[in-house]
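In case you want the letters, here they are:
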Amino acid sequence: MERREEERGRGEKGSSFHWKVRIEKVPTEKSAPAQSEETVRGEETAKGEQRSHGEKAGGAERSGGEERVHGQKGQGEEKVFLNKFETVGKSGASDRFFRQEPLDAVERVFRMLVDAPIDPDELNIDSCWVGSFYCPQADFSATIYDTISTESTLFIRQNQLIYYYTGTYTTLHKGDHGSGRWVRVLANECIKKLCPVEFHSNGSEYMMALSTGKHEGYVHFGTITDGRVSFKMLPVSQSVCEGIQATNCSIIWGAFIEGEYKLLLLVKIVVTHTRKCFQVVGYDLVTDNLSILYKLPEFIPDARGLEFLMMLQTESYTNSPMVPRGMSYNPYNNILYIWGNFLLQSYDYENFIYLADFPKESSIKYLVNSFRGELVFVTETEEIWYLLEGSYKIYRLIPSDSWEVHISLQVMRQSSLYTSNETMVTLFYEQDKLYQLMYLISKQKGRLVKRLIPVEQLLNYQLVHNHFLLEQQGAYKTLTFTNQCPFTVMRLWDLPNPQSYTRQERYRALPPRVLGASGFHNENSLAVYQGLVYYLLWLHSKYDKPYADPVHDPTWRWWKNKKQDQDYYFYLASNWQSAGGVHIDMASYEKIYNLKAEYKLPERIFLDKGTKYSFSVFLTARGHVLKTESEIGSSFQLESRLGLGVLLADPGCIEVVVKQKILINRNSVLFRVTLGDKKLCFDQGISGHHLMKTSMLVKVVGSTGHCFQNTHLGPRLQGNLVVPVLIGCPPGKRLAFDITYTLEYNRLQNKHYFDCVNVDPEMPCFLFRDKFYPFFLIQDLVTGDSGSFQGSYVLKVVGGGPTLDTIEEYSEEEIYRFNSPLDNTDSLIWTTRNTTTTEDMAFNIMSHQSLGIEWLCLQNSPCHDTIPHSIFAPEFFFKVLVSNRGVDKSTYCDYQLIFLLHIHGLPLSSKRALLFLLVSASVFMGLVVLYIIACLMWPLMVKACNILRWKINNLVAAESYYTYASSSGGFSIPSKGSSKGSSKVSSKMSEKDKAEPEQTLGKKLLT
């Protein structure tokens, strides 16, 4: 898509340029650092005819401050091409784009940034530039100045315009919230910089856009939620310049502190044409208040040979002005860095330390934080510097002698990742390793590669290169290296099982056994394996049920009905008779609960209320560092020169206890470290959400940058251990209704148990007139632990209905009336004999020791006077909410459970019961009267039936006789005498048969 547009108006001038870009994005865990103008620079090339002043603009759709880019192709198409790389990689030279040459279009560069495309269609961006009196723009450039990538959205800034692209990732957000096009936001604003927010919170991601022009001194705070992007201009009441009473000021950087809902703004104030000052300003998002936290000195302090200098405003200064470029905040250790042609760090935003190892002649362009104790920053001349947090020594990695040696070795190995023509695009951390994104040119072809920077090898070489001695021994000089590390061996002992603290769920899913002669997998076996893994993941996602299973394991329902036949399936597999030629071992698909530690600290740990984490550090000293009794002047005591220091980011929230044990026979020291939560700094939160970030730094004194351990993966740093800590409700914990123990206990207390007529094993029934004793479980989905919930909770009926299809939600007012002991409207559904209530006495507080629940269903309650749908007693389904928020002090977890409770045997109201009684009595009396009438009329009915039967028989007999007589008269002529005798006999028989029933009826009446 292409777009051409002309802006007209009084005092405005417009210009239009167009370029095409293909961008393919992969979601990343952390936001990438914003790139400056020098990272990727391009120059526009105009082709085709110039549009006249009255030519129509291309199509565009605007909606408020947001614009979706459409357009149509024009004949005069203009593209942006990459410039040729020259003098790239040379020592002491800055890598730049110099001469424009159409080597490749921009879309090819972006295509190499990712593994797979989002959309096969080409994505296009219009680059309309508008300069005006409120948005001063000196000139136009097609450069992408800033890029910020979050997990779900990609933002770019080109000139003063901002675009974002969300894609169509269904796993990140709903399909209707995504977009397959670039969307322009803040169309009426002039944006000069994008600032990233590395960590998301509250289910949203954040970024900041700094304004210039008419809204100078404001920040546009962006929020990304489920693929939807929105911006809010801050401060609300007044600009930052007005708040700090500065006439001419501008914001040059911003940082968001999620735990305090505060923005830290780096503000530049122009005092005169030659004098500028800088301040750190804090803005509270809740109270809308501004405060000046720190005023930076105008000049760089003179450290006088020291590694660091505490800024007390009493130090001397050099003649070099202090020019800040940006800020970086680490929420784990609360360290704020201000960088430019200097480096300042602070733990409280008000008191700063100047790190003097960084030369004031250089200027930092951007900074990359690993959030695991390592920090890397890049200067304007593409130098790479390294800092280990907890120390003040800064190392230059590139360029350096160690880097030249490393390059030489890679060239000798003919590595394809190193060429003579190369430039660095950016730096990033991945799994605690530092990587470069490099653009390499080889044989007139360019490509982007990810290249590892071996930080440990570079530091090790620098250490060896700077600490050696040449000693004269006879006629020769001997090279001697000095090891600065205070210990020879460092090990971690007594590490607990990691899953309780890392909260990572693990499954074992081995491929099925192939019964063919070769034993190789085929398409059928792989399809079976894929289906098994998919079903295992489906069981994992569907395990969050309100009713707890008898066995706390997601795979239990998979094999519960097949375990008894396990030996039979094994017998079939042993004889190569399994269906499909594959054998599935049930034991190969299970959840792992007993993962062992790997002699290293976990990537991060979660601490619930009062939880402790313990481990031991074993150090073997270098040389003899244990003082004897005579040396220290006290008997039965030993002292070691090996020291272990622990630095806590939030000592008011967590505490640490270190116990030392000297092993004199092994020349070693054992430190037992116990980290614990103080139960002070967190209220309650949902499992895995709203966690407080902090950290613990364990450091061996004198080991920073001096101690390395050789492993099969290369050397690694020792002596500096950083443990990120997350305080709050750990992920993977949930509250479940313990239906098994509830049924057992209710049967024991009520001496009986009556289930519904239609039994549902997934939802057993409870009788209305019986007391109800509910019990709940705390299930740990990570470790497999499942125990009774011992805390307090509040139980509310929040919905209900006589059937599953008629369940309705209750309003807040109805919930109060149906559950509160203070209700006086005869609306209570249940009550309890417990006297403990919430602070406002609105609801009862329950526990596992409660006296049970009595069902009431008073007159104005929804379960009152329930109409039965059959001959059985009425039933009702209650939607019950159980929550421990605000009433349970034993955990940081805000447990909330909603489940359905089936109650049967509900009584009828008095009116309806009387109506049923009257109707039943009437029906009964009617049946009795009908029975009496039937008994009196029975003889007459019998007589009438007999007469009717006699008449029918006579008619049938006469019909038969006359038929026979007529048929026999055709063959013989009967005599007159015989016919008369026959008629006499028949007449006598008829009179006899008629007299018999009359005599029988007379006898019955007499009796």
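Residues numbered from 1 in each chain as written. Predicted model: local features only at pLDDT ≥ 70, side-chain atom pairs only at ≥ 80, totals over all residues. Heavy atoms only, no water.

A. Summary view of the sheet that holds strand 16 (residues 249-257). Overall, antiparallel pairing links the four strands, which are arranged 16-17-18-19 in an open sheet. Each of the sheet's edge strands pairs with one partner strand only, and the pair in question is strand 16 and strand 19 (289-295). Averaged over all pairs of adjacent strands, the angle between strand axes in this sheet comes to 25°, irrespective of strand direction. Across six bridges, the pairing between strand 18 (residues 276-284) and strand 19 is antiparallel. Bridge assignment links Y283 to a residue of strand 19, and that residue is L290. (Pairing = 2+ DSSP bridges. Helix = DSSP H or I, 4+ residues; strand = E, 2+ residues; numbered from the N terminus. Axes fitted to C-alpha atoms, helices over the stretch in contact; angles between N-to-C directions.)

B. Inspection of the packing of aromatic side chains at higher detail. Evaluated as defined, the whole model comprises 42 aromatic pairs. An angle of 20° between the planes, with centres 5.9 Å apart, marks the rings of F428 and Y435 as stacked. F428 sits in the partly exposed class, given a relative accessible area of 22%. Members of the aromatic cluster, each reached through a chain of ring pairs, are Y547, F737, F776, F789, Y793, Y895 and F899. Above the ring of Y395, the side-chain terminus of K393 is found at 5.9 Å from the ring centroid. (Phe/Tyr/Trp six-rings, centres within 6.5 Å; stacked < 30°, edge-to-face > 60°. Buried < 20%, exposed > 50% of the residue type's maximum accessible area, 1.4 Å probe, protein only. Lys NZ or Arg CZ within 6 Å of the ring centre and 35° of its normal.)

C. Looking closely at the pattern of salt bridges. With the rule as written, the count across this model stands at 25 salt bridges. E361 is the partner of K360 in a salt bridge, and the nearest nitrogen-oxygen pair spans 3.7 Å. We note a salt bridge from K771 to E854, for which the minimum N-O separation is 3.7 Å. Separated by 83 residues along the polypeptide, K771 in the loop between strand 53 (765-767) and strand 54 (776-780) and E854 in strand 60 (residues 853-855) bring together distant segments of the chain. A relative accessible area of 26% places E854 in the partly exposed class. Among the charged side chains, a salt-bridge network with shared partners connects K545, D549, R557 and E762. (Salt bridge = Lys/Arg side-chain N within 4 Å of Asp/Glu carboxyl O.)

D. How the structure looks around unusual backbone geometry. Of note, the amide linkage connecting L234 to P235 takes the cis form, showing an omega dihedral of -5°. Secondary-structure assignment places P235 in the loop between strand 15 (228-234) and helix 2 (240-243). Of note, the amide linkage connecting I398 to P399 takes the cis form, showing an omega dihedral of -5°. Relative to the elements of secondary structure, P399 occurs in the loop between strand 30 (394-398) and helix 3 (401-412). Of note, the phi angle at Q245 is positive, near 60°, even though the residue is not glycine. Turning to its location among the elements, Q245 is positioned in the loop between helix 2 and strand 16. Residue class for Q245 comes out exposed when judged on its relative accessible area of 74%. Unlike most non-glycine residues, Q313 shows phi in positive territory, near 65°. By the secondary structure assignment, Q313 is in the loop between strand 21 (308-310) and strand 22 (317-321).

Shape is all these values report; function is a separate question.
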